[in-house]
Amino acid sequence: MELSKSEAVDYLFSEMLRKGISIDDLCKRWGGKFVADTEVSVVSEPLPFKVLYKSGHVYDCKVLGEIPIAIFVERCFVSLWDLPQRLSFAEALDGAAQIKFYGYSANMGTRKIWDFLFKNADNINQEIEILGGQKIDFSSAYWIYSSRYGCSCSCFKKGVEKIASKSQNFSVRPMLLMP
């Protein structure tokens with residue numbers, strides 16, 4: 001399998017880290033000098049959306065040595081990955097709650113967040129891909145968290161919210177709306 005340019009660069013950086021080679025070592029090897037104006041080594045230009053890393057730090061770019069876990073849009077952390085399988089509504093609630101952002105359990109995202117994701121689908125998926133995540137399949141159905149319908153059993157498919165049976169299985173993208 002041939003790697004994309006982004007995947008190849010990520011692989012090279014992970015190998016550098018594994019072998020204890022810093023970005024500064026790489027620059028010195030070619031007669032240059034790495035200059036950083038912060039305490040972290042940034043490996044990309046600023047991204048359209050801020051990124052939450054496993055360390056708990058949030059940056060507006062991809063950072064060497066940090067593991068990205070979510071992007072931050074409209075005051076909401078959106079996981080870089082769907083849950084591994086399609087789930088019923090109850091399973092989706094439980095599965096999303098297992099994902100934590102700053103110690104808070106995730107849910108399935110609100111209608112407002114999904115509207116924003118659909119309107120910005122290309123930019124969202126491009127950034128998710130840059131960060132090594134799983135693109136959102138905007139043609140698929142996803143459970144959403146909606147208090148409008150009482151028991152909250154609705155899904156979002158191709159940009160349209162629909163009432164759904166709790167027993168149906170849909171994709172789940174964990175999210176957490178920040179206060």
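For the structure, see preceding data.
A brief report on the enclosed structure follows. (Residues numbered from 1 in each chain as written. Predicted model: local features only at pLDDT ≥ 70, side-chain atom pairs only at ≥ 80, totals over all residues. Heavy atoms only, no water.)

Here we come to the pattern of salt bridges. Inspection of the entire model under this criterion finds 3 salt bridges. Two residues, Glu15 and Arg18, come together in a salt bridge whose shortest N-O distance is 2.7 Å. Taken as a pair, Glu15 and Arg18 lie in helix α1 (residues 5-18) at a separation of 3 residues, close to a single helical turn. Note that Asp82 is salt-bridged to Arg173, the shortest N-O span being 2.6 Å. Taken together, the residues span a long stretch of sequence, with Asp82 in the loop between β4 (76-79) and α3 (89-97) and Arg173 in the loop between β9 (160-163) and β10 (175-177) at a distance of 91 residues. Residue Asp82 is classed as buried on the basis of its relative accessible area, which comes to 14%. For Arg173, a relative accessible area of 0% corresponds to the buried category. (Salt bridge = Lys/Arg side-chain N within 4 Å of Asp/Glu carboxyl O. Helix = DSSP H or I, 4+ residues; strand = E, 2+ residues; numbered from the N terminus. Buried < 20%, exposed > 50% of the residue type's maximum accessible area, 1.4 Å probe, protein only.)

Of the pairings in the sheet, the one linking strand β1 (residues 50-53) to strand β3 (residues 68-73) comprises 4 bridges and is antiparallel in character. Bridge pairing in β3 places Leu52 opposite Ala70. Here 2 bridges tie β1 to strand β2 (residues 58-59), and the two strands are oriented antiparallel to one another. Looking across to β2, one finds that Leu52 is bridged to Val58. (Pairing = 2+ DSSP bridges.)

Residues of β4 alternate between two faces, with Cys76 and Val78 on one and Phe77 and Ser79 on the opposite face, all of them buried. Of the strand pairs in this sheet, β3 and β4 are connected by 4 bridges, and their pairing is antiparallel. The partner of Ile71 across the bridge, within β4, is Val78. The antiparallel hairpin formed by β3 and β4 contains 2 residues in its connecting segment, where Glu74 sits at a positive phi of about 50°. Judged from the 3 bridges that link them, β4 and β10 form a sheet pairing that is antiparallel. Directly across from Phe77, in β10, lies its bridge partner Leu176.

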